[in-house]
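# A closer look at the structure
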Amino acid sequence: QVQLVESGGGLVQAGGSLRLSCEASGDTICISGMEWHRQAPRKERELVASITRSGATNYADSVKGRFTISRDNAKNTVYLQMNSLKPEDTAVYYCNAQLLPFNLIYWGKGTLVTVSS
């Protein structure tokens, strides 16, 4: 099993930046890919960015060029650097981790990001 704890959310003005962190504990040696998702009020959860253990990344079109996902395997932590934030980025941001060998997925409890206009 893996436990995930997100941090770094908060209130920021449009155009500002935030850096989210997600620290994993437990069976971290089994972690392969990690992802950030978000869920805005009255909307479905959506994938924001993903990163493989080797560092290959993928982004939702809505955040390309503004958000950067990275990970520090030694610290068992994945980050999401968010720049040029927009009010529509307001959401609860969740990280998840995929565990080998059965690709079980574990989720954190989320951190709230609010972007004011």
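Structure: above.
As a starting point, this report considers the structure included with it. Computed from a prediction, not measured in an experiment: that's the story for all the values here. (Residues numbered from 1 in each chain as written. Predicted model: local features only at pLDDT ≥ 70, side-chain atom pairs only at ≥ 80, totals over all residues. Heavy atoms only, no water.)

### Comments concerning the sheet that holds strand E1 (residues 2-7)
- Taken in spatial order, the four strands line up as E1-E3-E8-E7 in an open sheet, and their pairing is antiparallel. Of all the strands in the sheet, the pair left with one neighbour each is E1 and strand E7 (67-72). If you compare each strand with its neighbour and ignore which way they point, the axes differ by 15 degrees on average.
- As defined by bridge partners, strand E3 (residues 18-26) adjoins strand E8 (residues 77-82) across six bridges and the pair is classed as antiparallel. (Pairing = 2+ DSSP bridges. Helix = DSSP H or I, 4+ residues; strand = E, 2+ residues; numbered from the N terminus. Axes fitted to C-alpha atoms, helices over the stretch in contact; angles between N-to-C directions.)

### Structural notes on the pairing of strand E4 (residues 31-39)
- With eight of its nine residues buried, E4 lies for the most part within the structure.
- Pairing between E4 and strand E9 (residues 91-99): seven bridges, direction antiparallel. Across the sheet, residue His-37 finds its bridge partner in E9, namely Tyr-94.
- One ladder, built from five bridges, connects E4 with strand E5 (residues 46-51); its direction is antiparallel. Note on E5: the bridge partner recorded for His-37 is Leu-47. (Buried < 20%, exposed > 50% of the residue type's maximum accessible area, 1.4 Å probe, protein only.)

### Some remarks on the pairing of E3
- Pairing analysis gives six bridges linking E1 to E3, with the strands arranged antiparallel. Bridge pairing links Gln-3 to Ser-25 in E3.

These values are about where atoms sit, not about what they do.
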